[in-house]
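Topology and contacts: notes
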Amino acid sequence: MSDQQFPYSGFSSLAIHGGHRQDPNYAHLSPIYATSTFVYDDAEQGMRRFSGQEEGYIYTRWGNPTFREAEEKIIAMETFGFTDEQGNSLALKAYLQASGMAAVSSLMMTTLQAGDKVLSHYSLYGGTQEYLNNLLPTFGVDAVIADLRDLNVAEDMLKQHPDIKLIYLETPANPTIQCVDIEALTKLGKQYGKLVACDNSFATPYLQQPFKHGVDFVVHSTTKFLNGHGTAIGGIFIGRDVDFMKGRTYKIYKALGGSSSPFDAFLLINGMKTLEVRMERHCSNAEKVAALLNTHQAVASVNYNGLTTHPDYAVAKKQMRHPGAMMSFELKGGLQAGINFMNRLQLCTRTVSLGTCDTLLSHPASMTHYSVPKEQRERYGITDGLIRMSVGMENIADILNDLDQALK
Ligand SMILES: *Cc1c(COP(=O)(O)O)cnc(C)c1O
């Protein structure tokens, strides 16, 4: 009911109540603060707000009470169930963003400057890849891309490129569902004095908490499992160094102008309340889907972290509560088999994106990566017959039936 500290013993209690403050008019759900600006009692108060002497809202691009609730709920979930060396729960600071890409670009703009380098791996969200490879170099920041699943390679890169400032991880990553070891890479990064960030969108804080392993920053596309219903684009940029977040990061947040919208924040807040229940269903459905695909004669291979045959099975098991609900699989018949399969789906939805109640399937070779030359996409594991699947929350028998008939 209120913003008083209650010792929540379970994740859902926190997901439902965390970050909430009693509304002055006693509304049950926090209202959508659909206002661009905030007023002052007198000129002196305006002065105190602008100078930072008094806490309070000024302008929605700079912050909004609806954003605050979403930010504090996500912080609560990212820090649930563990403490720092002193036994305190981690104090983090977050900014809600217009999209996952706004969160990624804010992270890069805040931490890097001309002459710096960023170290990352091959399998990354397409927008992030584009940002690292094509946009950052125009600002004098180069990306060093290597197979960070191999710690020796990671260390070699840190030795070869002393200008690396930030290590950027995404795990599990798109579309191969590859994982990197957050704890080991953070430890290595810290040995070399680097900042470490992790995109936690595929896992969500229910399945994986990168701050527990020592990372400095976490970014999310809240568009996916956090919102959970596909109703709004959004992102969040969270940092461990609160002074840095309130200083340089806040300045850049205001200057880039990528803040969320109160309505989208409201949708996100309410979507997140069911995160645990949704993830449990997504995950148990995913196990059964993977079992079907893994033995199906039309399927050549399955990328799912829960299968002992996945190369990153052990890493996923170590750092995730459950392997999650994202997978991809290779059809035996190549491009045409992929197209035929997609066309035969009846219950599952043909679309990109992920993390909604509905099961979503995409065929990268004919959709997102259609314009990428075959040799180039195959280097990233995007073969002709590859299908990516975000397993939804429908009744499992219906999902399995639909897949089975589409695979015939
Ligand atoms: C979707 C996604 C993004 C980008 O998020 P948007 O909300 O679409 O801007 C970044 N990282 C990952 C892992 C994603 O899945």
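Refer to the structure above for everything that follows.
Notes on the structure follow.

Parameters at a glance
- Residues numbered from 1 in each chain as written.
- Predicted model: local features only at pLDDT ≥ 70, side-chain atom pairs only at ≥ 80, totals over all residues.
- Heavy atoms only, no water.
- Pairing = 2+ DSSP bridges.
- Helix = DSSP H or I, 4+ residues; strand = E, 2+ residues; numbered from the N terminus.
- Contact = heavy atoms within 4.5 Å.
- Axes fitted to C-alpha atoms, helices over the stretch in contact; angles between N-to-C directions.
- Salt bridge = Lys/Arg side-chain N within 4 Å of Asp/Glu carboxyl O.
- Buried < 20%, exposed > 50% of the residue type's maximum accessible area, 1.4 Å probe, protein only.
- Near = heavy atom within 4 Å.
- Polar contact = N/O pair within 3.5 Å; in protein donor to acceptor, adjacent residues only side chain to side chain.
- Areas by Shrake-Rupley, 256 points an atom, 1.4 Å probe, with all protein chains shown as cover.
- Nonpolar A, V, L, I, M, F, W, Y, C, P; charged D, E, K, R; others polar.

**As for the sheet that holds strand 8 (residues 299-303)**
- Strand order in this open sheet of 5 strands is 8-9-12-11-10, and the pairing throughout is mixed. Since the sheet does not close on itself, it has two edges, and those belong to strand 8 and strand 10 (349-350), each with one partner.
- Sheet topology note: the strand 11 (residues 360-362)/strand 12 (residues 386-390) ladder contains 3 bridges and is antiparallel. Bridging across to strand 12, Ser-362 finds its partner in Arg-388.
- In this fold helix 11 (residues 275-295) packs onto strand 8, strand 9 (326-331) and strand 12, with an angle of close to 15° to the strand it touches most, strand 9.

**A closer look at the pattern of salt bridges**
- Enumeration according to the criterion identifies 14 salt bridges in this entry.
- The residue Lys-190 makes a salt bridge to Asp-216 at a minimum N-O spacing of 2.6 Å. With Lys-190 in helix 7 (residues 182-191) and Asp-216 in the loop between helix 8 (204-207) and strand 6 (217-221), the pair connects residues that are 26 residues apart, well separated along the chain.
- By relative accessible area, Lys-190 is classed as partly exposed at 38%.
- Close ionic contact of Glu-378 with Lys-374 constitutes a salt bridge, the shortest N to O distance being 4.0 Å.

**Structural notes on the site of the ligand**
- As a structural note, the neighbourhood of the ligand is formed by 14 residues, with Gly-100, Asp-199, Ser-221, Thr-223 and Lys-224 the closest of them.
- Within the side chain of Asp-199, one N or O atom sits 2.7 Å away from a nitrogen atom of the ligand.
- Side-chain polar atom of Lys-224 to an oxygen atom of the ligand: 2.7 Å apart, as the coordinates give it.
- Contact with the protein chains hides 93% of the accessible area of the ligand, taken as 380 Å² for the molecule alone.
- The class makeup of the residues in the shell around the ligand is 5 nonpolar, 6 polar and 3 charged.

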